[in-house]
Amino acid sequence: MISDRQNRILSFVAALLIFGLFIALIYYAFPARADLDFSSYYPWRNIIFKGWLLTIVVSIIVLVASIILGFLLYLLTNSKILVLKYLGAIFNEIVFGSPLVVFLVIVYYFIGVPLHINNRLIVGSIALSLYMAPYMKNVFEGAMESIDDMQYQAMTVFGFTTYQKYRYIIIPQLLKIIIPPLAGNLTFIVKGSSLLNFIGVPELYNQITTAQSNTYAVVEGYTLMLIMYLIITIPLIRLTRSLEKKVALWN
Amino acid sequence: MELKLHNVNKTYDEKDILIDINLDIHDESGIAIIGPSGAGKSTLLRLLSLIEKPDSGEIHVNKYDLNEIEPEEYYKKIGFVFQAHTLFPHLTVLRNITLILEQVHNKTKEEANKIALDLLDRFELSEHIHKRASQLSGGQSQRVSIVRGIAISPEVLFFDEPTSALDPVLTQEVLSTIIKLREEKMNFVIVTHEILFAKKAADFIIFMDCGKIVEMGHVDILENPQSKELQNFLSNVFLW
């Protein structure tokens, strides 16, 4: 008899093999394909690795910046001052309505160029952070709603001061609630960062396409790119799910 | 405990919820407020616990004039148990109790732990001290809420229909906990639908209907109701 754990591992490996075989079958069954040869990318390995690292660094910078911007946006859209509220709402609608790549290029030309921010990495991070801010705002909104009114009443009638309410009850719960969706948004940021290529940030996508124009190995280049993105995103997705499960236990 | 209310009125959205409530009760330790839905029972309880303020009138609970006292000061003297348990979901059972003792009542960590552990033991909840609310049944959570209410040694403990969210078996579990409080001479005011329980746990009954106190007195008014409203109410309740 095999244990439950062994069964799961074997099944997973089997599923992986079937998936790989299926892709290989489609690829090799038709004559119009090129044989895969990754060797032409070997000389480019350092540049590609640097691009990969930059993707990670940009994503972390954008994560932090967009959390801050998202919280400010949350305060704006929930403001009692109508002008501020509408200001936030206009920004939300523009972002939710824009394709990311268009938004990035627009920010580059409307903010980066006039302000003479020559560092493309900085402009790119600003643009992506601005784009992510409304998504982060939604995370904060959802978290605030998840603390029910009864808890607020209970805190009051137990005699907590406002500081104590936030310090011991509200913020600890908020942190736990927002961490899973934040990890989810980080995956979104990593994927979105590939579009920074369009404003010339030398991240993973940009570096591999640069290499591609020299090696002419287009399929290999994109395959490599996919694998290198998945190396970052799959652990993030798994992490998000396990965090979600943990948080579900508390409620 | 002493409760004194003079011409208390409360309105929500132009609807009169409490109309000229007058009360003068001395030396009763268990008071039950009963009556049909919408009678204003919970509102009265919320005024007594200063969760809300009356539109007009005076309320005295023990030596406190609720128009004068700072709510934060008064909250330190009372306990409140809501309809559904309000355990903080991110904290363990033990921490739910000790947090309030440490932060609001200035106990040391050791004192707080001792008080909480003693009480949890007395109410047969010791095995759950490291669990969170999500790992407890509704009845257990509500019992922990009650323990949390009495941990601060309140002068009065208020219950707002503490079993309305529970099924009959869990209701019994919670009600026996409250009866235990009565044996310990804890002062409490409870809003409840459970008439048989009110009979057993309370010394004094306040019967409300349509925002007014229709009849009140010692528990025996449930045997010998004078008003038509209470007679109707009791006959409807016992019909089932």
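The rules behind each value
- Residues numbered from 1 in each chain as written.
- Chains lettered and ligands numbered in written order.
- Predicted model: local features only at pLDDT ≥ 70, side-chain atom pairs only at ≥ 80, totals over all residues.
- Helix = DSSP H or I, 4+ residues; strand = E, 2+ residues; numbered from the N terminus.
- Rg over C-alpha atoms; globule rule 2.2 N^0.38 Å.
- Buried ≥ 20, exposed ≤ 12 C-beta atoms within 10 Å, placed from the backbone.
- Contact = placed C-beta atoms within 7 Å.
- Core = buried A, V, L, I, M, F, W, Y, C linked by C-beta atoms within 7 Å.
- Nonpolar A, V, L, I, M, F, W, Y, C, P; charged D, E, K, R; others polar.
- Axes fitted to C-alpha atoms, helices over the stretch in contact; angles between N-to-C directions.
- Parallel < 35°, antiparallel > 145°, perpendicular 65-115°, else oblique.
- Left-handed = near helix turned anticlockwise from the far one by under 90°.
- Pairing = 2+ DSSP bridges.
- pLDDT = per-residue confidence, 0-100.
- Expected span 1.5 Å × (residues − 1).

Caption draft 1: Seen up close, the overall build of chain A. If you tally the helices and strands in chain A, you get 9 helices and 0 strands. Reading the secondary structure of chain A in the N-to-C direction produces α-α-α-α-α-α-α-α-α. Its C-alpha radius of gyration of 23 Å places chain A more than 25% over the 18 Å reference for a compact globule of 251 residues. Counting only C-alpha atoms, chain A reaches 75 × 70 × 30 Å along its principal axes. Taken over 251 residues, chain A has a buried fraction of 31%. Of the contacts formed within chain A by residues at least 6 apart in sequence, a portion of 77% connects residues at least 24 apart.

Caption draft 2: Up close: the nonpolar core. A32, I33, L48, F158, V189 and I205 of chain B are the most contacted members of the largest nonpolar core, which totals 78 residues. In terms of residue count, the dominant contributor to this core is helix α3 (residues 93-103) of chain B (6 residues). Setting aside residues up to four positions removed in sequence, V189 of chain B forms contacts with I31, I33, L45, L48, V156 and F158 of chain B. Of all hydrophobic cores here, the second largest spans 33 residues; its members include Y131, M132, A133 and I189 of chain A.

Caption draft 3: Region of interest: the interface of chain A and chain B. Between chain A and chain B, the contact holds 17 residues from the first and 18 residues from the second. Sort the elements by how many residues they give to the side of chain A that touches chain B and helix α7 (residues 162-192) of chain A lands first, with 6 residues. When grouped by side-chain class, the residues that make up the side of chain A that touches chain B number 10 nonpolar, 6 polar and 1 charged.

Caption draft 4: Layout of the packing of helix α2 (residues 45-77) of chain A against helix α8 (residues 204-215) of chain A. Residue and element names in this part refer to chain A. It is the contact of α2 with α8, at a shortest axis distance of 7 Å, that shows an interaxial angle of 160°. By the angle between their axes, α2 is roughly antiparallel relative to α8. Classified by chirality, the crossing of α8 by α2 is left-handed. Between α2, through I47, I48, K50, G51, W52 and T55, and α8, the contact on the second element is made entirely by L204, N206, Q207, I208 and A211.

Caption draft 5: The arrangement of the sheet that holds strand β5 (residues 64-65) of chain B in detail. Residues and elements named next belong to chain B. A sheet is described by the order of its strands in space; here 4 strands give the open sequence β2-β1-β4-β5, paired in antiparallel fashion. Each of the sheet's edge strands pairs with one partner strand only, and the pair in question is β2 (15-25) and β5. Note that strand β1 (residues 3-12) and strand β4 (residues 56-61) share 5 bridges and pair antiparallel. When the sheet's bridge partners are listed, H6 is paired in β4 with E58.

Caption draft 6: Seen up close, the pairing of strand β8 (residues 188-191) of chain B. All names here are of chain B. Here β8 shows two buried faces, one formed by F188 and I190 and the other by V189 and V191. Where strand β3 (residues 30-34) meets β8, 4 bridges bridge the pair, whose relative direction is parallel. Counterpart to I31 in the pairing with β8 is V189. As defined by bridge partners, strand β7 (residues 156-160) adjoins β8 across 4 bridges and the pair is classed as parallel. Bridged to F159 within β8 is I190.

Caption draft 7: Structural view of the sheet that holds β7 of chain B. Residues and elements named next belong to chain B. Strands sit in the order β6-β7-β8-β3-β9-β10 across an open sheet of 6 strands; the sheet is mixed. Bordering the open sheet on either side are β6 (78-81) and β10 (212-218), each of which pairs with just one other strand. On average, adjacent strands in this sheet sit at an angle of 15° to one another, irrespective of strand direction. Across 4 bridges, β3 lies against strand β9 (residues 204-209) in parallel orientation.

Caption draft 8: Quick peek at the packing of helix α4 (residues 109-122) of chain B against helix α5 (residues 138-151) of chain B. Residue and element names in this part refer to chain B. Packing of α4 against α5 leaves a shortest axis separation of 10 Å and a crossing angle of 135°. In terms of their interaxial angle, α4 and α5 are classed as oblique. For α4 against α5, the interelement crossing comes out right-handed. Touching I115, A116, L119 and L120 of α4 are V147, I150 and A151, all from α5. Partitioning the contact of α4 with α5 into residue classes produces 7 nonpolar, no polar and no charged.

Caption draft 9: Structural detail: the pairing of β2 of chain B. All names here are of chain B. Sheet topology places β1 next to β2; 7 bridges connect them, and they run antiparallel. If you follow T11 over to β2, its bridge partner there is D16. What sits between the antiparallel neighbours β1 and β2 is a turn of 2 residues, in which D13 has the positive phi angle 45°.

Caption draft 10: Spatial organisation of the confidence of the model for chain A. Confidence in the prediction for chain A averages 90 pLDDT; 98% of positions are at 70 or higher. The element-level mean pLDDT for chain A is lowest in helix α9 (residues 218-250) of chain A, coming to 87, with helix α3 (residues 82-97) of chain A highest at 95.

Caption draft 11: The environment of I199 of chain A, seen in detail. All names here are of chain A. The topology assignment puts I199 in the loop between α7 and α8. On the basis of neighbour counts, which here come to 19 C-beta atoms within 10 Å, the residue I199 falls in the partly exposed class. Taking the C-alpha atoms as reference, I199 lies 7.2 Å from Y108; in sequence the two are 91 residues apart. Non-local contacts of I199, meaning those with residues more than four positions away in its chain, are made with L104, V105, Y108, R120, V123 and G124.

Caption draft 12: Highlighting the confidence of the model for chain B. Confidence in the prediction of chain B, expressed as mean pLDDT, is 91, and 99% of residues score 70 or more. Two summary scores accompany this predicted model of the complex, namely pTM at 0.71 and ipTM at 0.83.

Caption draft 13: Here's a closer look at helix α1 (residues 4-29) of chain A. The end-to-end C-alpha distance of α1 of chain A is 37 Å, a good match for the 38 Å that 26 residues give at a rise of 1.5 Å each. Buried residues are scarce in α1 of chain A, accounting for 0 of its 26 residues.

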